[in-house]
Amino acid sequence: MGTEETPEPEKKSEPHPEREAGPERGPADRRPMPPESPRTPTGEAGAGAEHRGSDGESDEVRQSGAKPANGAASGASADDGNPSEPLTGRQRLVAGLWPPRLTRAQLIVALLLFILGLGLAIQVRSTSDSSALRGARQEDLVRILDELDNRSQRLTDEQRRLEGQKTELENSSDQAEEARKQTVEKEAQLGVLAGTVATQGPGINLTIDDPHHSVEADKLLDTIQELRAAGAEAIQVNGVRVVANTYFSDLRGGVEVDGKRVTQPYRFKVIGKPEDLQPALNIPGGVVQTLEKEQAKVSVTREEKIIVDALREAKRPDYARSSSQ
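Reading the values: the criteria
Residues numbered from 1 in each chain as written. Predicted model: local features only at pLDDT ≥ 70, side-chain atom pairs only at ≥ 80, totals over all residues. Heavy atoms only, no water. Helix = DSSP H or I, 4+ residues; strand = E, 2+ residues; numbered from the N terminus. Buried < 20%, exposed > 50% of the residue type's maximum accessible area, 1.4 Å probe, protein only. Pairing = 2+ DSSP bridges. Axes fitted to C-alpha atoms, helices over the stretch in contact; angles between N-to-C directions. Contact = heavy atoms within 4.5 Å. Patch = residues over 30% accessible without salt bridge, like charges linked within 9 Å, V, L, I, M, F, W, Y side chains within 5 Å. Areas by Shrake-Rupley, 256 points an atom, 1.4 Å probe, with all protein chains shown as cover. Salt bridge = Lys/Arg side-chain N within 4 Å of Asp/Glu carboxyl O. Parallel < 35°, antiparallel > 145°, perpendicular 65-115°, else oblique. Left-handed = near helix turned anticlockwise from the far one by under 90°. Nonpolar A, V, L, I, M, F, W, Y, C, P; charged D, E, K, R; others polar.

Peer 1: Just to check I follow, could you spell out unusual backbone geometry for this structure?
Peer 2: Working note: non-glycine residues mostly have negative phi, and peptide bonds are mostly trans. With an omega dihedral of 0°, the bond running from glutamine 264 to proline 265 counts as a cis peptide bond. Looking at the secondary structure, you find proline 265 in the loop between β6 (260-262) and β7 (266-271). Within the chain, aspartate 258 stands out as a residue other than glycine whose phi angle is a positive 50°. The topology assignment puts aspartate 258 in the loop between β5 (254-257) and β6. Overall, the relative accessible area of 16% leaves aspartate 258 in the buried class. Here glutamine 295, not a glycine, exhibits a phi torsion of approximately 65°, which is positive. As for its placement among the helices and strands, glutamine 295 is situated in the loop between α10 (287-293) and β8 (297-308).

Shown next, in the form of structure tokens:
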């Protein structure tokens, strides 16, 4: 580190004490001579002068200037003497992967692989959804197909019946009488569905014996829903008529149906087409198998005449009114 060049102070001629005239001064009046300012050398001579300085000021200059120079020189020698260490395998791998250098071809390949994986996932999911039917027996599959055909046939018959009524109303000479007749028939049908009139017809008897009290209300409700889906028109459970707003709840040692306690064995009287009702209960994973897993005994018998005589009181709705009035 260079030292700023300081101009050499001019030396003043000092009078010799012997030749100086004036009164004699005592030791107390004498002032010490200021130290002589050192000459600041330049170049190589300055560097030699820093090392040869003897007074305090030259020492400070040597301490403040020489040490940083030596430190910088030592740092430079350390950098020159210690070359960079070789990278490890992990560092080379990271340096090769990041930052990523993707080409257009690689992006296209990645997109195609993503689409292929998505298609395989969808295919596997659709295959797993149909695995329940895949393991079914041939007889069970035929039974399920027959049930679907029967449901479709019922809907077709209903459509034809409604179209026939429409044609009769349009072609009848006495439309008022025909309308009254159809109104009476419709009232009887609605009475059966509402449970306000007794009914009879072919159907099945379903008995669920539950000695371990393991069958809960939700299992009985699933049975009702399955029977309705198979075309049941009237259902009675242990003397209680099942209608649209029927509810089931669990009780200690039994089940409550529309607020009435019923106990096992649970006897269902169902009016409908027996060829549709019985297979619907016996399909794989259906009502019968589910109840048997609960250690309940289930029996289903077909009958040519089932009488459903439990009635419900007709209640006038509080808010709903007919839109035709």
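Peer 1: Which parts of the structure should I look at to understand the sheet that holds strand β4 (residues 248-251)?
Peer 2: Hydrogen bonds between backbone groups are what pair the strands of a sheet, and the pairing can be parallel or antiparallel. As summarised here, the arrangement of the three strands in space is β4-β5-β6, forming an open sheet in which the pairing is antiparallel. Of all strands in the sheet, those bounded by a partner on one side alone are β4 and β6. Strand-to-strand twist in this sheet, taken as the mean axis angle between neighbours without regard to direction, amounts to 35°. Across three bridges, β5 lies against β6 in antiparallel orientation. When the sheet's bridge partners are listed, valine 255 is paired in β6 with valine 262. Across the sheet, helix α8 (residues 217-229) is in contact with β4 and β5; its angle to β4 comes to roughly 155°.

Peer 1: Where do I start with a nonpolar patch on the surface in this structure?
Peer 2: A grouping of Ile108, Leu111, Leu112, Phe114, Ile115, Leu118 and Ile122 is seen on the molecular surface, where their side chains present a nonpolar patch of about 730 Å² in accessible area. Of the residues examined, leucine 112 reaches a relative accessible area of 53% and is grouped as exposed.

Peer 1: What is the right way to look at the packing of helix α6 (residues 138-171) against helix α9 (residues 274-282) in this model?
Peer 2: A pair of packed helices is captured by two measures, namely the crossing angle of their axes and the spacing between those axes. One can describe the packing of α6 onto α9 by two numbers: an axis separation of 10 Å at closest approach and a directional angle of 140°. In terms of their interaxial angle, α6 and α9 are classed as oblique. Note that α6 runs across α9; the crossing there is left-handed. Residues Arg143, Glu147, Asn150 and Arg154 of α6 pack against Glu275, Asp276, Pro279, Ala280 and Asn282 of α9. Along the lines of polarity and charge, the residues of the contact of α6 with α9 split into two nonpolar, two polar and five charged.

Peer 1: Mind showing me how you'd approach the pattern of salt bridges here?
Peer 2: Side chains that carry opposite charge are capable of pairing whenever their charged atoms lie near each other. Counted according to the given criterion, the structure contains four salt bridges. In this structure, arginine 161 and glutamate 158 form a salt bridge, with 2.5 Å as the shortest nitrogen-oxygen distance. Pair noted here: arginine 161 and glutamate 158 are both in helix α6, with a separation of three residues, about one helical turn. Arginine 161 gets classed as partly exposed once you look at its relative accessible area, which sits at 29%. Where lysine 219 meets aspartate 218, a salt bridge forms, and the shortest distance between an N and an O atom there is 3.6 Å. Residue classification places aspartate 218 among the partly exposed positions, given a relative accessible area of 37%.

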